[in-house]
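Structural features, examined
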Amino acid sequence: MKIKECTQIIAQKFPFELMESNDNSGEQLMFPDCELESIFLCLDITTSAVREAIEGGVNLIITHHPMFRKNIKNIDESDAASKNLIELISNKISVISLHTNLDKIFCRKLEEQLDLRHIDVLFPESCKEIGFGTISETTQDITLKDFLPYVSKKLKADFLIYGGHESKKIKKVVLLNGSGGRKIDEIVQKHHPDCIITGDVNYHGILAAIENGVTVIDGGHFWTEFQLLEFLKKELSAYLTIPMIISKTQKNPFKVYIQNE
């Protein structure tokens, strides 16, 4: 199978027509007539991901976040992004990105990962079966204090940042992977859930939520989205017999420092 044939299969499964107008999903770097050897899945094109792909002998990388988000004005080998691009071209590795088009199909899978009962899609497309985020329910009586270790385990997260009282009973939950923190005000006003689980939460957003009796768990942009790579591998494996490798070197870039007195 040639890479261009694989690209056609991917486009049928995760239509690029679904991406947002400000997105740049799709073909990022292509060697379309090369025979497909294996596929590498990662969230971002980073130095470690490129090295891992080269060492693994793959010639197609599928990323979640697009490699090209802004216009490139020059290529400079001393710049990390430029160096990665040079390495990819030198090794004839193609890159395809599945960003917001994948988010809209993935939304229910994060809900399943947390074993929550589905109520509705948070920001649905016209067909209402896909979109960004979900509105869900817990299947048992649980407080925020006990919900935190549960969410951490399900997301395989080393740490969580949260706001709200630990005794708050959690029933109605809104999930929004990635950078959903900017949508907290809108979610609180429209849906007033018991808890919002998302990423990239800011100070004013979490403060406003707490003031309105809504707890917030910042599961991290990384941990709320790394799960989609397993989903992607499973979905593509039904159509492709090519070996697929999920990055083992990509980690959450954030660390927490706590000063001991």
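Quick note: structure is the one above.
Counting starts from 1 at the beginning of each chain's written sequence and moves along it residue by residue. Per-residue local features are limited, in this predicted model, to residues with pLDDT of at least 70; the limit for side-chain atom pairs, both in listing and counting, is 80 or more; totals at the level of whole chains, interfaces and linings are taken over all residues. Heavy atoms throughout the structure, all of them, feed into the side-chain values; hydrogens and water do not.

1. Some points on the sheet that holds strand E7 (residues 161-163)
Rule in force here: For two strands to pair, DSSP has to find at least two bridges joining them. Secondary structure counts use DSSP, requiring at least four H or I residues in a row for a helix and at least two E residues in a row for a strand, with both numbered from the N terminus. Here an axis means a line fitted to C-alpha atoms, over the contact stretch when the element is a helix, while the angle between two N-to-C directions is reported on a 0 to 180 degree scale.
Taken together, six strands build an open sheet; the order of strands is E5-E6-E8-E9-E10-E7 and the sheet is mixed. Of all strands in the sheet, those bounded by a partner on one side alone are strand E5 (117-124) and E7. Within this sheet the neighbouring strands show an average axis-to-axis angle of 20°, counted without direction. Relative to strand E6 (residues 131-137), E5 is paired through six bridges, and the arrangement is antiparallel.

2. Let's talk about helix H2 (residues 47-55)
Going by this rule: When a residue's accessible area, from a 1.4 Å probe over protein chains only, is under 20% of the maximum for its type it is buried; when over 50% it is exposed; and in between it is partly exposed. By construction, the arc corresponds to the directions joining the helix axis to the C-beta atoms.
Residues of H2 that are buried include every one of Ala49, Val50, Glu52 and Ala53, and no others. One side of H2 carries all its buried residues, which in axial view fall inside an arc of 165°.

3. Here we look at the sheet that holds strand E1 (residues 26-29)
Strands belonging to one sheet form pairs held by backbone hydrogen bonds; the direction of such a pair is parallel or antiparallel. Pairing is mixed across the open sheet formed by five strands, whose spatial order is E1-E4-E3-E2-E11. Of all strands in the sheet, those bounded by a partner on one side alone are E1 and strand E11 (244-246). For this sheet the average axis-to-axis angle between neighbouring strands, irrespective of direction, equals 25°.

4. Here we look at the pattern of salt bridges
Operational definition: Any Lys or Arg side-chain nitrogen found within 4 Å of a carboxyl oxygen on Asp or Glu counts as a salt bridge.
This model, assessed by the stated rule, comprises twelve salt bridges. Salt-bridge contacts for glutamate 35 lead to lysine 2; the nearest nitrogen and oxygen are separated by 3.3 Å. Pair noted here: glutamate 35 is in the loop between E1 and strand E2 (39-42) and lysine 2 is in the segment before helix H1 (3-13), with a separation of 33 residues, a long-range link. Here glutamate 35 falls in the partly exposed class, since its relative accessible area comes to 43%. Accessibility expressed as a relative area gives 28% for lysine 2, which makes it partly exposed. The residue aspartate 194 makes a salt bridge to lysine 168 at a minimum N-O spacing of 3.8 Å. Of this pair, aspartate 194 sits in the loop between helix H6 (184-191) and strand E9 (195-198) while lysine 168 sits in the loop between E7 and strand E8 (172-175); the two residues are 26 residues apart in sequence, bridging distant segments of the chain. Counted as one network, the salt bridges with shared partners bring together Glu20, Lys104 and Glu125.

5. What about unusual backbone geometry?
One non-glycine residue, aspartate 115, lies in positive phi territory at about 55°. Along the chain, aspartate 115 turns up in the loop between helix H4 (100-113) and E5. Phi is positive for aspartate 200, close to 55°, though the residue is something other than glycine. Mapped onto the elements, aspartate 200 comes out in the loop between E9 and helix H7 (203-211). Using a relative accessible area of 36% as the deciding quantity, one classes aspartate 200 as partly exposed.

All quantities given are derived from atomic positions and should not be read as evidence of function.
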